[in-house]
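Structural description and commentary
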Amino acid sequence: MSSVAVLTQESFAEHRSGLAQQQVKVTALNSEEENDPPTYKEAFPPLPEKAPCLEAAQEPAGPWSKIRPIKASVITQVFHVPLEERKYKDMNQFGEGEQAKICLDIMQKTGAHLELSLAKDQGLSIMVSGKLEAVMKARKEIVARLQTQASATVAIPKEHHRFVIGKNGEKLQDLELKTATKIQIPRPDDPSNQIKITGTKEGIEKARHEILLISAEQDKRAVERLDVEKVYHPFIAGPYNKLVSELMQDTGTRINIPPPSVNKTEIVFTGEKEQLAQAVARVKKIYEEKANSFTVSSVSAPSWLHRFIIGKKGQNLAKITQQMPKVHIEFTEGEDKITLEGPTEDVNVAQEQIEVMVKDLINRMDYAEINVDHKFHRHLIGKNGANINRIKDLYKVSVRIPPDNEKSNLIRIEGDPQGVQQAKKELLELASRMENERTKDLIIEQKFHRTIIGQKGERIREIREKFPEVIINFPDPAHKSDIVQLRGPKNEVEKCTKYMQKMVADLVENSFSISVPIFKQFHKNIIGKGGANIKKIREESNTKIDLPAENSNSETIVITGKRANCEAARHRILAIQKELANITEVEVSIPSKLHNSLIGTKGRFIRSIMEECGGVHIHFPTEGSGSDTVTIRGPAQDVEKAKKQLLHLAEEKQTKSYTVDLRAKPEYHKFLIGKGGGNIRKVRDNTGARIIFPTSEDKDQELITIMGTEEAVKEAQKELEALIKNLDNVVEDSMVVDPKHHRHFVIRRGQVLREIADEYGGVMVSFPRSGTQSDKVTLKGAKDCVEAAKKRIQEIIEDLEAQVTIECTIPQKFHRSIMGPKGSRIQQITRDYGVQIKFPDREENPAPVAEPAVQENGEESGEGKDGKDADPSSPKKCDIIIISGRREKCEAAKEALQALVPVTVEVEVPFDLHRYIIGQKGSGIRKMMDEFEVNIQVPAPELQSDIITITGLATNLDRAKAGLLERVKELQAEQEDRALRSFKLTVTVDPKYHPKIIGRKGAVITQIRTEHEVNIQFPDKDDESQAQDQITITGYEKNAEAARDAIMKIVGELEQMVSEDVTLDHRVHARIIGARGKAIRKIMDEFKVDIRFPQSGAPDPNCVTVTGLPENVEEAIDHILNLEEEYLADVVDNEAMQVYMKPSSHEESKAPSKGFVVRDAPWATVNNEKAPDMSSSEDFPSFGAQVAPKTLPWGPKR
């Protein structure tokens, strides 16, 4: 480490004017200097002026005379290539061929413009225009590619080659561009001194001449080296290298002084011989003058004290260097000495000061070195240096831990002897504890890592707070590792391991997943109105339930959570399905080895059985479970059918299974299957083979799979191929359809025709255009498909001819309810019964009807009030719903519509329970209405009525009534329980004990409340009417008494306690309390006492109160008094240091500075010179008048 002396104004002036004849002292300024300030020109010397050029003298004076002319950026040069040097001499192809291509290429490469012309002597003239750089590059390319090349060599001394190349090869590149040649210089390791030049004869001569000139110039120059001790180099260089620069300028010699960082002593001179000799002589003179008045001395000081001598940011050293700026002080790392260089008198003064400083530091400083394995260093440092900074601050020491790349075990502690020993002891204890630490790898699946860490690290923070001594490291998510590393004391690591393993076990248990297939039509019932049912199942079973999207074909509901909870939720969902439909469940035993082959690729085989048997659900056990039980669930008839097919298929698989793939166009599949699967069932019954068609999810939509015995499969294949062949045979046929029925087929964008085409192999049905009165309908497609389509059209016509229209009278107010959300109920009836339903238009201004307080039921009431002339027996037009279709279907649809008319029942519920049934903001009643799909009307409070009305479908009313009565029972039971829970007990406790009963942040009282399930109320301090010593306990009688006993037990303990005041110097309070109160909390926990420090502004700032059991209080007081004695010594030392560090009184009372004063300043002169006038056009000429922009007819240019 080295120190740099500070250069003051005086020493700077001394250097500038050469060497002063006598020393100038810095400590005081004499009166002459104060009274005789420097002149303006001495303080601010003017820059050297250039000699005025002759041209400038001839120019007329004016504001624009100093502006330099702007050179043109584009230049033009002409190059001539003689006939004998031309590379391409074909006279017939001028402007064509290879020569023209090369010119175009040069233009593209360089950006210059080339024009070629042929002279009378058949020489080639090339005019090149462009920027200078582009022209030079183009010239080089022309010479290289259009002119024949020659080569020559030139020999110059090897040491001159580098001058030809120049800095970074710039000189060589410039030379090649100027001469349009290629110059090859041998490498430094090549002994040859021959330089090869390639180009035109003219270019070679120019390049040869330039190289020889460079060599000749170097021959005239000489080099001399002068060995001068490094300490004198700054005096030769001068301030800011000014002295050496002036020397180089005067003599024209280049002087190279090695920089301070380079350990060389020789100064190198380069230049003309005579001028070089002058420069050397002048440098020697400076050196000799300085050597006679210069001393080098050293002070012995241990190397570890060097940084304390230098001080923080060099403060200590700056004091010495400011007094003696000419002294250079150098610290060498690893050496126990300090070197001083400079004038003898100054060096002696500086040496004395440093020796005093060293002696003082040795007396009051110490150091210690300890060996700690480097792998523990980062743990000693702590996160963001927390541990090591705490030790440094606590013991007022400096701790130097080597960096990781050094792999060194040595830690050095420096500072106060007592602090060094304490820090050493603590560091060794920490290291010893780390050596006893244990590292354990815990295998946790990576999918659980994020859950364990928690959102924003909340969960892992809790674990770390629970086990503060254990370091938990999770692997990088990118590494896909399951290893979590725990490090810390053995016992703590074991406890943390068990805790985390339990957490992982809970996560594994809660991540159990089960899939439940539920018929799609029952999903809405499982969800319930507004999601009420599914929400209830989720909350009560504590599981996550995911249902497939509405537009999805999937019927599977996924339940996730604990196994037992998942099973419970599954049971409840299946119970809803069973309740809604006649669902049975059958178990079939099939060997587990056959399960995969029965399921088929991506479940194709099993899906075909499920679809064929009315969508039953077939559940196979999980792979590897070893179970043979297969569960079939669905309507009883379909389940039996699926069971037979599954057992038959399993039997075939066990005997002999044969499979064949067949291909057919997807549009033929529906026809091959037939209506209700009739066609395919016929083939299956005839042959005994199973035929599987692709689903919409399969990639290959043409593939049909036939499986079974070989004989059966071949027979089925033959029948299907015959059917497919017939379908490929396209025919055209026609039939007669009465024009009055045409509209039925073509309405709704031909929906009926589209359905026929889908069902019958894509057959095309063409009806005549409207207005032609033709009854001929054309069908085109496969023969069998056309016949089947004709048959279907005939059936539709028969239905239309047999169609009747009936009326169904339902009051208009119920129409919206019957339609259902988005007309879903009506759409279902039209699909189920194959009828058309038309609702009447709404009556715009119905006659007012006096409505009772309770909502009306489905019974007709007040019909006679519609108008004076209305016939009570005849229904209103707005109440009549028209149903069209076959008579028997219309009647069935009418019954279905009437079943949707809501009815009302009344339930008697005690008035005082109404508000609990309604719930907070109506949530309770809303939940019941959603669950039972009814409307529940509670009477207004002012009526004081006990009657609640329920309106809805007859099928839902019984369930809703039972649910409401069940809720009433629950509320009555809660009322009774509330009466028992409202038992009150009062305890008398002295108010001074209240804070202790409450505890820190209410911890104690919260524990009593939670443990005994009671409410404990303390008196309000601000309410004087309340008794301040009464504590009220509310809850069950037994629990309230137990809570009272717990409080009295605490009071008994508190009454045994004593309080003692102890006088502690207020200056050590902060140290005893510690950062964020950690230290004082530790003392309170250790001695089981409460310690209270005085508030700011207290009468006695030194009074500290200790409360607790007598023996504990005594021990705690002894402990804190010992701490006071220890910390007080540090406080006194620090205060003494602060006094020592304060600036002396004479520095503080220094007179205010007058500032920097100069004589003969331009602003102080009395002559005619004046400051330039900024408004004068002569002093500040303008750039000419602004020119108004031309206005073009098409607006401004873009």
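Each chain has its residues counted from 1, following the order in which its sequence is written. The model is predicted, so local features are restricted to residues of pLDDT at least 70 and side-chain atom pairs to those at 80 or more, both for listing and for counting; the totals for chains, interfaces and linings are taken over all residues. As a convention, hydrogens and water are excluded, and side-chain values are obtained from all of the structure's heavy atoms.

As a further point, take the overall build of the protein chain. Across its full length, the protein chain carries 45 helices and 42 strands. The buried share among the 1198 residues of the protein chain stands at 35%. When the accessible surface of the protein chain is split by element, carbon and sulfur atoms take 50% of a total near 77000 Å². Put simply, DSSP marks the helices as runs of H or I at least four residues long and the strands as runs of E at least two long, and each gets a number from the N terminus on. Buried residues are those whose accessible area, probed at 1.4 Å on protein chains only, stays under 20% of the maximum for their type, while exposed residues exceed 50% and partly exposed ones sit between those limits. For every accessible area listed, the method is Shrake-Rupley and the probe measures 1.4 Å; residues are considered covered only by the protein chains on display.

Our next topic: the sheet that holds strand E31 (residues 804-809). Paired through their backbone hydrogen bonds, the strands of a sheet run either parallel or antiparallel. Pairs of strands are assigned from DSSP output, requiring at least two bridges between the strands. Pairing is antiparallel in the open sheet, where three strands are placed in the order E31-E33-E32. The sheet is open, and its two edges are formed by E31 and strand E32 (836-838), each paired on a single side. Averaged over all pairs of adjacent strands, the angle between strand axes in this sheet comes to 25°, irrespective of strand direction. Pairing geometry for E32 and strand E33 (residues 880-885), over three bridges, is antiparallel. Its bridge partner being in E33, Lys838 is matched across the sheet by Ile882. The contact criterion used throughout is that any non-hydrogen atoms of two residues lie within 4.5 Å. Fitted lines through C-alpha atoms give the axes, limited to the stretch in contact for helices. The angle between two N-to-C directions lies from 0 to 180 degrees. Most of the contacts of helix H35 (residues 887-899) go to E31, to which it runs at about 15°, and overall it touches E31, E32 and E33.

Working definition: a ring pair exists when centres of Phe, Tyr or Trp rings (six-membered ring for Trp) sit within 6.5 Å. Plane angles under 30 degrees give stacked, over 60 give edge-to-face, the rest tilted. Going through the model one piece at a time under the given rule, you end up with two aromatic pairs. Their ring planes at 25° and their centres at 5.0 Å tell us that Phe745 and Phe767 sit as a pair that is stacked. Remark: Phe767 occurs in the loop between strand E29 (764-766) and strand E30 (776-782) and Phe745 occurs in helix H31 (residues 742-759); sequence separation between them is 22 residues. Neither Phe745 nor Phe767 differs from the other in exposure class; each is buried.

The next thing to look at is the confidence of the model for the protein chain. What pLDDT reports is the predictor's confidence in each residue, on a scale of 0 through 100. Per-residue confidence for the protein chain averages 78 on the pLDDT scale, and 85% of its residues sit at or above 70. Here residues 848-870 scores under 50 on pLDDT; set against residues more than four positions off or in separate chains, the count is 22 contacts. pLDDT under 50 marks residues 1184-1193. Its contacts with residues more than four places away, or in other chains, come to two contacts.

Angle between the axes and distance between the axes: these two values describe a pair of packed helices. Interhelical geometry of helix H6 (residues 132-146) versus helix H8 (residues 170-179) gives an angle of 70° and a closest axis separation of 8 Å. The orientation of H6 with respect to H8, classified from their angle, is roughly perpendicular. Here H6 runs over H8; the crossing is left-handed. Between H6 and H8, the residues in contact are Met136, Lys137, Arg139 and Lys140 and Glu176, Leu177, Lys178 and Thr179, respectively. Lys, Arg, Asp and Glu make up the charged group, whereas Ala, Val, Leu, Ile, Met, Phe, Trp, Tyr, Cys and Pro make up the nonpolar group; the residues left over, Gly among them, are polar. Broken down by class, the residue content of the contact of H6 with H8 amounts to two nonpolar, one polar and five charged. Geometric relationships in this document are graded by angle, where less than 35 degrees denotes roughly parallel, more than 145 denotes roughly antiparallel, 65 to 115 denotes roughly perpendicular, and other angles denote oblique. Take the far helix as your reference; a near helix turned counterclockwise from it by less than a right angle gives a left-handed crossing, and one turned clockwise gives a right-handed crossing.

Moving on to the side chain of Glu492. Summarising the element assignment, Glu492 is placed in helix H21 (residues 490-510). The residues touching Glu492, leaving out its near neighbours within four places in the chain, are Phe467, Glu469 and Val470.

Packing of helix H28 (residues 666-673) against helix H29 (residues 678-687) brings their axes to within 4 Å, and their N-to-C directions diverge by 70°. In terms of their interaxial angle, H28 and H29 are classed as roughly perpendicular. In contact with Phe671, Leu672 and Ile673 of H28, H29 contributes Gly678, Asn679 and Ile680. Classifying every residue of the contact of H28 with H29 gives four nonpolar, two polar and no charged.

The subject of this paragraph is H28. Residues three or four positions apart in an α-helix share a direction because the helix packs 3.6 residues into each turn. Within H28 the residues assigned to the buried category are Tyr668, His669, Phe671 and Leu672. Looking at the residues trailing H28, positive phi occurs at Gly674, about 85°.

Residues qualify for a patch when their relative accessible area is over 30% and they have no salt bridge, like charges being joined within 9 Å and the nonpolar side chains of Val, Leu, Ile, Met, Phe, Trp and Tyr within 5 Å. The salt bridge definition used is simple: a Lys or Arg side-chain nitrogen within 4 Å of an Asp or Glu carboxyl oxygen. We treat Lys and Arg as the positive residues and Asp and Glu as the negative residues; His and chain ends play no part in the count. All charge positions are set by atom: Lys at NZ, Arg at CZ, Asp at CG, Glu at CD. Residues Arg1000, Lys1001, Arg1076, Lys1078 and Arg1081 make up a contiguous surface patch of positive charge. The residue Arg1081 is located in helix H43 (residues 1078-1087) in this model. Its relative accessible area of 33% is what places Arg1081 among the partly exposed residues.

In this section: the side chain of His233. By the secondary structure assignment, His233 is in helix H10 (residues 233-237). Each polar contact in these results corresponds to two N or O atoms within 3.5 Å; when the atoms are within protein, one needs to be able to donate a hydrogen and the other to accept it, and residues that are neighboring in sequence are counted only if both atoms are side-chain atoms. A polar contact is formed between the side chain of His233 and the backbone oxygen of Thr265, at a distance of 3.1 Å. Non-local contacts of His233, meaning those with residues more than four positions away in its chain, are made with Val228, Ile257, Pro258, Lys264, Thr265 and Ile267.

Attention now goes to the pattern of salt bridges. One pass over the full model with this rule turns up 26 salt bridges. The shortest N-O distance in the salt bridge between Glu492 and Lys495 comes to 3.8 Å. You can see Glu492 and its partner Lys495 sitting in helix H21, three residues apart, about one turn around the helix. Here Lys996 and Asp1090 are joined by a salt bridge, their closest N and O atoms 3.7 Å apart. Of this pair, Lys996 sits in helix H39 (residues 994-998) while Asp1090 sits in strand E41 (residues 1090-1092), and the two are 94 residues apart along the sequence. On the accessibility criterion, Lys996 (35% relative accessible area) is partly exposed. Overall, the relative accessible area of 13% leaves Asp1090 in the buried class. One network of salt bridges, in which partners are shared, links Glu369, Arg412 and Glu414.

Further remarks concern H29. Among all positions in H29, only Ile680, Val683, Arg684 and Thr687 are buried. End-on view of H29: buried residues confined to an arc of 95°, all on one side of the axis. Among the exposed residues of H29, those pointing more than 90 degrees away from its buried face are Lys682 and Asp685. Of the residues one or two after H29, Gly688 is the one with positive phi, at around 85°. Regarding the arc, it is the one traced by the directions from the helix axis to the C-beta atoms.

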